[in-house]
Amino acid sequence: MLAGLIGRGIALSRTPRMHMEEAAAQGLGAVYRILDMDEPARREITLKTMLESAEACGFDGLNVTYPYKIEVIGLLDELSDNARAVGAVNTVVLRDGRRVGHNTDLWGFAESFRRGLAGEAVEHVLLAGAGGAGVAVAHALADCGVRRLSILDTDAARAAQLAEQVMTNRPGTVAGAVPSTEALSGADRPDGIVNATPMGMAKLPGMAVPASFIDPAMWVADIVYFPLETELLRTARAKGCRVLPGTGMAVFQAVRAFELFTGRPACPDRMRATFDAF
Ligand code: NAD
């Protein structure tokens, strides 16, 4: 397998090791390169040139991250249904002269949710953050059976737009933007909360929802995974909530990408162990 990750500021990504160690465990030779566009040697190179070069060099595929997940779509021959629904691509399969875009962030969150919060109520969920990752998570929540999705974002227009997008792509889910958690009191309280804002990252401490809103009966998921336990998850755990950390999404997006690159199933537990070993 020959693959790589294109993005900016990605030097510390755990994705290459997850892929290479999984391939090695399966007896496959594999090279997975970090192709950081911030590197001086690549500063003048466009995404289009990078894609053409990867194809010419016989790459099986590429993962694509910030800031290229939308831009790359214009350079592809075909999109998976999930990539088309989300409007963003994080995995490109290069095969038989064709470039096919996928969104494994969506499947990654859904799989993490199905394994980590099985059996939890999903009648009504609050999603904080309607940015790039939030769009994938919103669709994943719909795929996990969420009937009503309330979306909170400091950019109200973005939240409203995502609500429309989800209802168009996943008609079984009713979605709407909310201006604050105060709009969801009493019987309107959600069964669970998902954070898809950057709040809680080591460089952006804090929480997108007030601690007083978190109820012990709720489940709480975060997609931020650095630190592994965010302030939101710490607060929720202390209140007795069932919690889901962001590592699952990060691992499962790689699991699915490995399967797309190689055509072989990946072992999630093994890839998880590699992720945790950093
Ligand atoms: P983004 O900048 O595209 O979107 C973030 C959104 O959050 C924006 O719409 C912004 O307006 C909103 N926001 C910010 N602060 C808020 C607040 N206090 N309340 C409500 N809304 C707020 O970012 P992104 O690409 O969507 O990534 C978000 C986070 O998700 C990143 O910090 C990253 O760590 C994490 N992430 C995790 C995974 C994973 O695999 N676990 C994958 C992708 C992203």
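Before any of the text, the structure's been laid out above.
Residues numbered from 1 in each chain as written. Predicted model: local features only at pLDDT ≥ 70, side-chain atom pairs only at ≥ 80, totals over all residues. Heavy atoms only, no water.

So, on to the site of the ligand. Surrounding the ligand, one finds 20 residues, the nearest of these being Ala 133, Asp 153, Arg 158, Met 201 and Ile 223. At 3.2 Å from an oxygen atom of the ligand is found a main-chain nitrogen or oxygen belonging to Ala 250. Coverage of the ligand by the protein chains reaches 74% of its 860 Å² of free accessible surface. For the shell around the ligand, the secondary-structure elements that each account for two or more residues are helix H5 (132–143) and helix H8 (247–262). (Near = heavy atom within 4 Å. Polar contact = N/O pair within 3.5 Å; in protein donor to acceptor, adjacent residues only side chain to side chain. Areas by Shrake-Rupley, 256 points an atom, 1.4 Å probe, with all protein chains shown as cover. Helix = DSSP H or I, 4+ residues; strand = E, 2+ residues; numbered from the N terminus.)

With that settled, consider the packing of aromatic side chains. For the coordinates displayed, the defined rule picks out four aromatic pairs. Ring geometry for Trp 107 versus Phe 252: centroids 6.1 Å apart, planes at 75°, classification edge-to-face. Within this pair, whereas Trp 107 is found in helix H4 (residues 104–116), its partner Phe 252 is found in helix H8, the two being separated by 145 residues in sequence. Note on Phe 252: relative accessible area 9%, which makes it buried. Taking 5.0 Å as the distance between ring centres and 70° as the angle between the ring planes, the aromatic pair formed by Phe 113 and Trp 219 counts as edge-to-face. You can see Phe 113 sitting in helix H4 and its partner Trp 219 sitting in strand S11 (residues 219–222), a full 106 residues away along the chain. Each member of the aromatic cluster is reached from another via a ring pair, and the members are Phe 109, Phe 113 and Trp 219. The lysine or arginine in question, Arg 14, covers the ring of Phe 275, its NZ or CZ lying 4.6 Å from the ring centre. (Phe/Tyr/Trp six-rings, centres within 6.5 Å; stacked < 30°, edge-to-face > 60°. Buried < 20%, exposed > 50% of the residue type's maximum accessible area, 1.4 Å probe, protein only. Lys NZ or Arg CZ within 6 Å of the ring centre and 35° of its normal.)

In this fold, Ser 112 is placed in helix H4. Every residue in contact with Ser 112, bar those within four places of it in the chain, is listed here: Leu 117, Leu 244, Gly 248, Met 249 and Phe 252. (Contact = heavy atoms within 4.5 Å.)

Attention shifts here to the side chain of Arg 42. Among the structural elements, Arg 42 can be located in the loop between strand S2 (31–36) and helix H2 (47–56). In this structure, Arg 42 is buried with no salt-bridge partner, the nearest side chain bearing the opposite charge being Glu 39 at 5.2 Å. Residue contacts for Arg 42: discarding those within four places in its chain leaves Ile 34, Leu 35, Asp 36, Met 37 and Met 50. (Lys, Arg positive; Asp, Glu negative; His and termini not counted. Salt bridge = Lys/Arg side-chain N within 4 Å of Asp/Glu carboxyl O.)

This next bit is on the sheet that holds strand S6 (residues 98–102). A sheet is described by the order of its strands in space; here six strands give the open sequence S2-S1-S3-S5-S6-S4, paired in mixed fashion. Sheet topology places S2 and strand S4 (78–79) at the edges, where each strand pairs with a single neighbour. Running at roughly 170° to S2, helix H1 (residues 15–25) makes contact with S2 and strand S3 (61–64) of the sheet. (Pairing = 2+ DSSP bridges. Axes fitted to C-alpha atoms, helices over the stretch in contact; angles between N-to-C directions.)

Turning to the pattern of salt bridges, a few remarks are in order. Enumeration according to the criterion identifies 18 salt bridges in this entry. Here Arg 8 makes a salt bridge to Asp 38, at a shortest N to O gap of 2.9 Å. Residue Arg 8 is located in the loop between strand S1 (2–7) and H1, and its partner Asp 38 is located in the loop between S2 and H2; the two are separated by 30 residues in the primary sequence. Arg 8 sits in the partly exposed class, given a relative accessible area of 35%. Ionic pairing is found between Arg 17 and Glu 21, a salt bridge with its closest N-O pair at 3.5 Å. Here Arg 17 pairs with Glu 21, and both are found in helix H1, just four residues apart, close to one helical turn. On the basis of relative accessibility, which here comes to 38%, the residue Glu 21 falls in the partly exposed class.

Next up on the list: the sheet that holds strand S9 (residues 174–177). The strand order S9-S8-S7-S10-S11-S12 describes an open sheet built from six strands, whose pairing is parallel. Two strands in the sheet have a free side with no partner beyond their single neighbour: S9 and strand S12 (242–244). For this sheet, the mean inter-axis angle between neighbouring strands, taken without regard to orientation, is 20°. Bridge analysis of strand S7 (residues 124–128) against strand S10 (residues 192–195) gives four bridges, and the strand direction is parallel. Paired with Ala 128 across the strands is Asn 195, a residue of S10. Where helix H6 (residues 156–169) meets the sheet, it contacts S7, strand S8 (148–152) and S9, and its direction lies at approximately 170° from that of S9.

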